[in-house]
Structures are given as C-alpha cells and as structure tokens.
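Given next are the chains, with one letter for each unit.
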Amino acid sequence: MSTDTVLKTTAGRSMQLDIPVGGMSCASCVGRVERAVAAVEGVESVAVNLATERAHVVLSSVKVDPAAIGAAIRKAGYEPSESTVELSVAGMSCASCVGRVEKALKAVPGVLDANVNLATERASVRVLGGADIASRLAAAATAAGYAAEPIQAGIDMADRERQAREVEQTSLRRAVIAAAIATVPLLVFEMGMHLSETLHHVLAGKVGEFNIKVISFLLASFVQFGPGLRFLRKGWPALLRGAPDMNSLVMLGTSAAYLYSTVATFAPDWLPDGTDYTYFEAGAVIVTLILTGRWFEARAKGQTSEAIRRLMSLQAKSARVLRDGAEIDVAIETVVPGDIVIVRPGERIPVDGEVLEGLSYVDEAMITGEPIPARKEPGATVTGGTVNGTGAFRFAARKVGADTLLAQIVRTVEAAQGSKLPIQALVDKVTMWFVPAVIALALLTFAAWLVFGPSPAFAFALVNAVAVLIIACPCAMGLATPTSIMVGTGKGAELGILFRQGEALQSLKDARIVALDKTGTLTKGRPELTDISVAPGFAEDEVLRLVASVEARSEHPVAEAIVAAARLRGFELAEPAEFAAEPGFGVKAKVEGRAIEVGADRLMRRLGLDLAAFADQAGRLAAAGKTPLYAAIDGKLAAIIAVADPIKETTPAAIAALHALGLRVVMITGDNKGTANAIAARLGIDEVVAEVLPTGKSEVVKTLQAGGVKVAFVGDGINDAPALAQADVGLAIGTGTDIAIESADVVLMSGDLNGVAKAIALSQATIANIRQNLAWAFGYNIVLIPVAAGALYPAFGILMSPMFAGLAMALSSVSVLTNALRLRRFGGVAATASARSPAAKLAPAE
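Residues numbered from 1 in each chain as written. Predicted model: local features only at pLDDT ≥ 70, side-chain atom pairs only at ≥ 80, totals over all residues. Heavy atoms only, no water.

Student: Sorry if this is basic, but what is going on with the packing of aromatic side chains here?
Tutor: Under the definition given, this model contains 13 aromatic pairs. Ring geometry for Phe-217 and Phe-280: centres 6.1 Å apart, planes at 65 degrees, overall edge-to-face. Of this pair, Phe-217 sits in helix H7 (residues 209-225) while Phe-280 sits in helix H10 (residues 280-304), placing them 63 residues apart in sequence. For the pair Phe-217 and Phe-280, one class covers both residues: buried. Among the aromatic residues, those joined into a cluster by ring pairs are Phe-210, Phe-217, Phe-225, Tyr-258, Phe-266 and Phe-280. Taking NZ or CZ as reference, Arg-602 lies 5.8 Å from the ring centre of Phe-585, over its face. Positioned above the aromatic ring of Phe-585 is the side chain of Arg-606, whose terminal nitrogen or guanidinium carbon lies 4.4 Å from the ring centre. (Phe/Tyr/Trp six-rings, centres within 6.5 Å; stacked < 30°, edge-to-face > 60°. Helix = DSSP H or I, 4+ residues; strand = E, 2+ residues; numbered from the N terminus. Buried < 20%, exposed > 50% of the residue type's maximum accessible area, 1.4 Å probe, protein only. Lys NZ or Arg CZ within 6 Å of the ring centre and 35° of its normal.)

Here you go:
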C-alpha cells in the first residue's frame, strides 16, 4: 500500500502523525477509528478525514508507541498503512555500530521496527505511514555518527553501492601503501636496532640516537595522522557520544602508544626512571595491519554480493520493438506493456511476455536452474534475462521494469540477505556492550600491571593495555551471520531456490518431515485419460461425450484430461447448464436435459449408488497408480473412468535425496488410498495420508507437527496455500500458482522436486557456516583478550606484542568473510548428506 504519512514537530514535546487508514466507508467508520485511537495512552487528540482517508493524531510525547496506535486501528476493523523504508548507511565498522544505528532509528517517532545489516550496509525500517519519515530516519542515523541516505526507487542503487565499494577499496589500498612505506624504515630504526647490535652501533654512530628518535617520531606522525587519521575521525566522536566502536579501540590503542613515545622522546623527565621507551613502531604497524585487514575485508564483502550483481547483469540494456511498422532499438527503460518485441537467435530476452509467433528454445537456467532449454511457441511465456537459442520469435511485452520476474527475484534475494536470523539475537545483545567492556578491561589491565607488575611497571601496563584494545575484534562478530546469509541466499538464487524470508534459511534445516502434495509436485500435474468402462445399458462414446461436456467447465487437471481425450476422438461437446463444483467430491451439471455427476467414490456413495459392480476394476486401477473416477447419469451409475498423472522423471531421485538427508517423507493427496499407496510404494514414500479434502491439508500438517516436530510442506496449487502457511516452512513449486508462491517461505523456480533437497542441504550448510563463524569470532575474543591482558605471564612469562595483536585482529574478520565465501562452492545434497550433520563440510562445486 502506498503511504504518505507526515510527521510534524509542534510546540513543546508534542508530535503529529498523519496515518493513512484503509477500509473506511462512512461517518460511523470515522467515529470508530477516532475513539479507538483516542483510547491509546499518550494521544492528545485525533481527527479522521473520510475523504483523504487519514487519521491526524497529536501525541503528548514522542515516546508514544506507534505500534499501539496501529493495533488500535486494526482492532477497530480498519487497516493503518505500514511501509518499509530502505536506507544505505556508511561508516559502520563493527557489530556495535549496528546496534547504535538501530537504536537511533527506533527512537524516531513512527518507527515500528528497524533492522540494520553490517554486510550489506543497509537499514530496513518498518514505519507507520512514511512520506518524509525517510529523511528523518537518515538524519537520525547521521546524527548517531553514520552517514545515511534513503534508497529511492528508480535509482540503480546497486551501481551506486558498487562504485562506493570500489572507491573505498581504492582509498584503503592507497592508505595501506602509504602506511607501509613509512612503517618499513620505522621498523628498521626501532626493531632493527634492538635485534642487531651491529646495526645499532652503525645507526647510533652515523645518525645519532636522539636523531633516530626524531625521525621515528616524524614517520609515526605521518602514519598516525595520515593513513590512520580515519580511526581518529570516527573513533573520537563515537567516544564522546558515549558510544565507542571499533575505531575507538584502534584510536585509543595507537594514540596511547604514540603519545607515550612522544613524551619519552621529547620530555623523558616526565616519566618514571627507566620507563622512557618508545613504541612508535607499534602504533604504525598496528595502523598498517588493520588497514590491510580492512582492505581485504572490503574486497571480500564485495564478493559476498556477487550473486546479486550477476543476476542484475542478466538484464538486457536495450530491446528491439515494433513501432509504427518499423523495427527499432530502444532503451530497456522505454519498453511498455503491449509492445511487440523481436528476438533474434542468441539474444537475451529483454522483458517478460507472451510469444505471438515463431519457435525457439530458450535457456532459462538463470531462473529455474534447469540446464535443458525450454521450447517456446505461440502462447508460451518468456522471461526477461533468459537467452534465446537458434530460433527467432516475436512476443508481446507483459511485464517491464520492476515488475519483471528477474527484478522480483533480485528484490526477494535482497530482502532475504538483509534479514536477521533468530541465531543473531545473542550476538546483538553481546556486541552492544562489547566495546565498552573492552575499554573497561584495558583500564583494569593497565591498573593491575601498574600496581602488581614488575619494573618498569608503567611500560608493562601501557603495552598490555594497548594490546587489549587492539586485539578485540567486534567486526568478526558483526559479520559472522550476515555474510553467510548473503552468500547462502545468493547461491540459492543461482540454483533456482528463492528464500523469500531470511528466517526460512534457519528454520528449514530443522525440518524432520517433508510433506508433499501429489498433483503437480510429485507428478507432472497433467493427467491423461487411460481407461473407461461403462455399466450395462450405457455406450462408452456417449458417456465420455456427456462427461467431457460437464468437465469442460472445470479447471481441474483431471477434467482437462477427460476433455482432451473426448476431443481427440472428435466429439462435439455440448454446453452444460446448472454447473456446480464441490472441491474434493466432483462436479455436476445438466447436459441436453440429462443430469450428469462426475467425481470420486465419496460423491457416488453420497448419491446412494452401489459401486460393487466396479469394485474389482477400481482395485486394479488403484494398484496401478491410476485415479478412478465415477460417472452417474440421471441418477444411475454409468461408468468408471481412470486417469493417471505421470510421475516427474526427477521425482524418484528427489525422494532418495530427501531420505539421504535423514528426512521422513509424507505424501498428502485427495486420491483414494489404493492409488496413493501404489504411487508411494513406487517412490519409496514413508507415509501416505490419502482422501484428504483440499481444506484438510493444513490440518494434516498440524497433526504432523504434534510434539514440536518441524514440518516442511511442498505444494503448488491454490488449495495448498493454507498448508504452506501452516507448515514451519512452506516450499512452493515456482511453476505453480501465484497464491501458493505468496504463501510460501521458499520458492523453487523450477518444477523439479530435487530443489527441495537442495534447499534443505543449503540451509544446513549455511547455518553450519554461521555457527563456524560465530565460534571463531567469539572464541577468538574469549581466548586472545585475556592473553593480551597478560594472563599467561605469571605462569609462562608470555606477553603479547601490540603488533601481533594488530595482526591477529586484522586477520579475524577476514577469516570470517573467507569462511562465508566457501558457501559459493556449495555442492548440493551429496555434500551435506555424506556427513548427515549440520556441520557437514562443503563439497567442491559440481
């Protein structure tokens, strides 16, 4: 729903909200909404305008929860407008930054929820209404110290973000080179003189020890206030705001080493005797190493969104259209629905549409993951971004721009990549306090060494406190989850698996039962008439013609099979009257004055008809995996009709793959038990629930969930939507109906059931990858921070150099990113099934 909420600050502390309200039709509606909103605590006044469909609300405090207002409107029976505002946020360097940006955004009146992603550098904010709130949100994030701007429709934000990343990488590369050039001679002066007695005498004799200190000061100053200035610019303001971040830690550590060394060089009398050591090289090396780590990190982060860029690169830049009788090339942005588009051999299809003339085969692997090209002839649909084969054809544009399937896929993947999984809840809680805790620990370390440390205590205290500040790495904790989500969902898109919700990526791995609809999921969904046997007194051709005349009004696949068989025999179908369909039972109508009823055995029994005459035949048909139907004419049992829906060629392998993952497979179908059991026996399905009415599928799923068992349901039809919604994770076959896809958490773009096993295996691999990242990120900090504080010194005499701390910190987040990028080599079901564990190793790319 489009939104146009205006937030206005009035005198004092009051705030005004203009909320669009849907569903109002009269003055009484206005009164109900006004009374409901006025009852919310903190609302001073409310005025509802029926013409503009808005509620103008004056709040007594900016702290009033907008969700309470929205809930009050809904409780009154109307729908307040909610929308999502997307922001790009720059300057975040660690998980602490994420928490502070979210806190700043949630404080903006009208905000219902805010979700910030460190890896994508985006914020997704759910607001009540929203026109100028986007600018207020950007201002709030900027005021918190992180430059933000709204992501507006119609602007290619991917290109802008890619350019911004390239600028960042170039800047970091230059900073690393400059810092390294200054640090190398500094290391020679400071470290070389300590390691080599000969070098010490040569430099001391020819340059002079004080002069060497001055040169070291100059080199260190260049590094500190040149390439390292970014840490000061970001870390100091964050510290002043009482919200220290990763930059604050680096700034405090390097500044402490630099200032101490400066005093030791120019005013050694200010320091205790025997403590006038210099640590210029430590600060410079730390800056250089951390910048190097950030450079590698920036490059790796760019690779995590590679899947999105590859998808977007599939969009054609131009299209050849027929206008005013002439073929012309136009920019893709100018193509409108209804345009006739000409596609030549080997060209990329520019937009979605329907073939009008011509014949060709189109490579749709980028959408479905299917390697075999699909035949396209008049009436077939084509998808923008797919590649035409050797034929040529013309098609009518149906969906363009943001409405194309490719654009929808990109949005779906971006939404999933930007979401937070439940597993990240603990991370968010910890990281908000992590940096302040590290600073406190550094101060405690300094004090402990100063009081209890050996001589020179001050020098030991300083070095170990700096090491604690530098070793801490909140970056790794912040990147652990989002980077794996980005790579995992991107890999899924390449395999034709779309996670519409990020949560599905986590919950799918916990599925223990996979419940499958039969028609269109296990089978092709295009049944064929195989048998017809009539009762005495009825002619086969006449029965088939009458039954087909009734079924011509039905959209059920079985009906289409009967109609197709009748037309194949050349029958002219009559127009039925008083047609009625009852889902799960059958259809009835009058044809040429005769009452015709066609349906399952349950319909015949309800009509009071004895099916004994066809009992043996029905058993044989069901045992062969065929679906028996019955026809009654003028109240008499007329015939038994058998329809078979061919099983998809890939279904047996898909069932085997699900079993390899240790899953129990259940088939839910409206077929009779005989037919259902026959199909299940052929496929090795563990359990069958047959003769289920369309409305009962969700109840079956609920029964399977008894005891907390996680159930994934796979379906493709309109009647599967409730079951898809009831399941812990719903997977829709992408070739199915829109309503089924909208009800699902995961969409399989091809009709291949192997996608289910791939999706579950990918979920297991991604969550295993996230756990590895979190184990590394938390384990790194838990183990190395005490070491940096000097925990090993009393027993082993081991201390950590601040330079080593800088190297370890620089490598920490790079390690997390590198591990996440391994998901790009996801090898499918075999890799996961071989280990039968969420911690399965990723197999090489197939």
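Student: Even after reading the chapter, I still don't get the pattern of salt bridges, so can you show me in this structure?
Tutor: A side chain of one charge can pair with a side chain of the opposite charge when the charged atoms of the two come close. Within this structure, the stated rule accounts for 24 salt bridges. Note that Arg-394 and Glu-327 form a salt bridge whose closest N and O atoms lie 3.4 Å from each other. Here Arg-394 is found in strand E17 (residues 392-399), whereas its partner Glu-327 is found in strand E11 (residues 326-331), with 67 residues between them in sequence. For Glu-327, a relative accessible area of 39% gives the class partly exposed. We note a salt bridge from Glu-592 to Arg-545, for which the minimum N-O separation is 2.9 Å. Separated by 47 residues along the polypeptide, Glu-592 in the loop between strand E22 (586-591) and strand E23 (594-599) and Arg-545 in helix H19 (residues 540-551) bring together distant segments of the chain. For Glu-592, a relative accessible area of 52% corresponds to the exposed category. Taken together, the shared-partner salt bridges in this structure form one network comprising Arg-320, Asp-329 and Glu-347. (Salt bridge = Lys/Arg side-chain N within 4 Å of Asp/Glu carboxyl O.)

Student: Looking at this model, I keep getting lost on the sheet that holds strand E28 (residues 711-715). Mind explaining?
Tutor: The strands making up a sheet associate through hydrogen bonds between their backbones, and the pairing can be parallel or antiparallel. Pairing is mixed across the open sheet formed by seven strands, whose spatial order is E18-E30-E29-E28-E19-E26-E27. Either end of the sheet is taken by a strand with one partner, and the two such strands are strand E18 (497-499) and strand E27 (687-689). Across this sheet, the average inter-strand angle for adjacent strands is 20 degrees, counted without regard to direction. Direction of pairing for strand E19 (residues 513-517) relative to strand E26 (residues 664-668): parallel, over a ladder of five bridges. Counted as the bridge partner of Asp-517 is Ile-668 from E26. Of the strands in this sheet, E19, E26, E27 and E28 are in contact with helix H25 (residues 697-704), which crosses E26 at around 155 degrees. (Pairing = 2+ DSSP bridges. Axes fitted to C-alpha atoms, helices over the stretch in contact; angles between N-to-C directions. Contact = heavy atoms within 4.5 Å.)

Student: What's the story with unusual backbone geometry in this structure? I'm lost.
Tutor: Excluding glycine, most residues fall at negative phi; most peptide bonds, likewise, are trans. Cis geometry is adopted by the peptide bond preceding Pro-456, which originates at Ser-455 and carries an omega value of -5 degrees. When you line up the elements, Pro-456 lands in the loop between helix H14 (425-452) and helix H15 (457-471). Positioned with a positive phi, Glu-592 is a non-glycine residue whose angle comes to about 55 degrees.

Student: I keep staring at the UniProt feature "transmembrane region" (unreviewed entry) in the protein and nothing clicks. Help me out?
Tutor: When the UniProt feature table is mapped onto this chain, "transmembrane region" (unreviewed entry) is found at residues 175-195, 210-229, 249-271, 277-296, 430-452, 458-481, 774-796 and 802-821. A distance of 29 Å separates the end C-alpha atoms of residues 802-821, which is 100% helix and 0% strand. (UniProt positions renumbered as here; feature names shortened; annotations may be inferred.)

Student: Teacher, can you tell me more about the packing of helix H23 (residues 651-660) against helix H28 (residues 754-789) here?
Tutor: Two numbers describe a pair of packed helices, the interaxial angle and the distance between the axes. Look at H23 against H28: their axes get within 8 Å of each other, and the N-to-C directions meet at 25 degrees. Accordingly, the angle class assigned to the pair H23 and H28 is roughly parallel. Remark: the crossing between H23 and H28 carries left-handed chirality. Contacts between H23 and H28 pair Ala-653, Ala-654, Ala-657 and Leu-658 from the former with Asn-754, Val-756, Ala-757 and Ile-760 from the latter. Its residues assigned to classes, the contact of H23 with H28 comprises seven nonpolar, one polar and no charged. (Parallel < 35°, antiparallel > 145°, perpendicular 65-115°, else oblique. Left-handed = near helix turned anticlockwise from the far one by under 90°. Nonpolar A, V, L, I, M, F, W, Y, C, P; charged D, E, K, R; others polar.)

Student: How should the sheet that holds strand E9 (residues 148-150) be read in this particular structure?
Tutor: Spatially, four strands are ordered E7-E8-E6-E9 in an open sheet, and the strand pairing comes out antiparallel. At either margin of the open sheet sits one strand with a lone partner, and together these are strand E7 (111-117) and E9. This sheet shows a mean twist of 25 degrees between the axes of neighbouring strands, independent of strand direction. Strand direction decides the pairing type here: strand E6 (residues 82-89) and strand E8 (residues 122-128), joined by seven bridges, are antiparallel. In the sheet register, Ser-83 faces E8, and the bridge partner there is Val-127.

Student: Can you walk me through the pairing of E19 in this structure?
Tutor: Sheet faces and side chains relate simply in a regular strand, where the side chains alternate between the two faces. Taken across its five residues, E19 has five buried, putting it largely inside the fold. Burial along E19 is two-sided: the residues Ile-513, Ala-515 and Asp-517 and Val-514 and Leu-516 are all buried. As paired strands, E19 and E28 are joined by four bridges and run parallel to one another. When the sheet's bridge partners are listed, Ile-513 is paired in E28 with Val-711.

Student: It is not clear to me how the packing of H28 against helix H30 (residues 802-821) should be interpreted in this structure. Could you clarify?
Tutor: Taken N-terminus to C-terminus, the directions of H28 and H30 make an angle of 170 degrees; their axes are 9 Å apart at the nearest point. On the basis of their axis angle, the class for H28 and H30 is roughly antiparallel. From H28, Asn-769, Gln-772, Asn-773, Trp-776, Tyr-780 and Leu-784 reach across to H30, where they touch Ala-805, Ala-808, Met-809, Ser-812, Ser-815, Val-816, Asn-819 and Ala-820.

Student: In this structure, what is going on with helix H9 (residues 246-266)? I would like to understand it.
Tutor: Helical geometry: 3.6 residues make up each α-helical turn, so side chains three or four residues apart lie on a common side. Its 21 residues place the ends of H9 30 Å apart at the C-alpha level, agreeing with the 30 Å of an ideal helix rising 1.5 Å per residue. Taken across its 21 residues, H9 has 16 buried, putting it largely inside the fold. (Expected span 1.5 Å × (residues − 1).)

Student: Looking at this model, I keep getting lost on the nonpolar core. Mind explaining?
Tutor: A general trend in soluble globular proteins is that nonpolar side chains are found buried together. Core analysis: the largest hydrophobic core is formed by 147 residues, its most contacted members being Met-92, Leu-105, Leu-137, Ile-471, Phe-499, Leu-731 and Val-756. Setting aside its immediate chain neighbours within four residues, Leu-105 contacts Leu-87, Val-111, Ala-114, Val-116, Ala-123, Val-125, Leu-137 and Ala-141. In terms of nonpolar packing, the next biggest core, distinct from the first, is built from 27 residues, Leu-546, Ala-574, Val-598 and Val-643 among them. (Core = buried A, V, L, I, M, F, W, Y, C linked by side-chain atoms within 4.5 Å.)

Student: So what exactly am I meant to see when it comes to the environment of Asn-773 here?
Tutor: Position of Asn-773 relative to the elements: it lies in helix H28. Sequence separation of Asn-773 and Thr-481 is 292 residues, and the distance between their C-alpha atoms is 7.4 Å. Every residue in contact with Asn-773, bar those within four places of it in the chain, is listed here: Ala-480, Thr-483, Ser-484, Val-816, Asn-819 and Ala-820.

Student: Sorry if this is basic, but what is going on with the side chain of Thr-278 here?
Tutor: Its place among the elements puts Thr-278 in the loop between H9 and H10. We classify Thr-278 as buried; its relative accessible area is 15%. Thr-278 has contacts with Glu-190, Lys-213, Ser-261, Ala-264 and Thr-265, leaving out every residue within four places of it along the chain.

Student: How should the pairing of strand E29 (residues 729-733) be read in this particular structure?
Tutor: Along E29, five of the five residues are buried, which leaves the element largely enclosed by surrounding structure. Every second residue of E29 is oriented toward a common face, with Val-729, Leu-731 and Ile-733 on one face and Gly-730 and Ala-732 on the other, all of them buried. Pairing of E28 with E29 involves four bridges; the strand directions are parallel. Residue Phe-713 lies in a different strand from E29, and its bridge partner there is Gly-730. Across three bridges, the pairing between E29 and strand E30 (residues 746-748) is parallel. Among the inter-strand pairings, Leu-731 is bridged to a residue of E30, identified as Val-746.

Student: Teacher, can you tell me more about H25 here?
Tutor: Those residues of H25 not exposed but buried are Lys-697, Ser-698, Val-700, Val-701 and Leu-704. Within H25, the buried residues cover an arc of 155 degrees as seen down the axis, which keeps them to one side. Structurally, H25 contributes buried residues whose contacts are with E19, E26, E27, E28 and helix H26 (721-726). (Arc of directions from axis to C-beta.)

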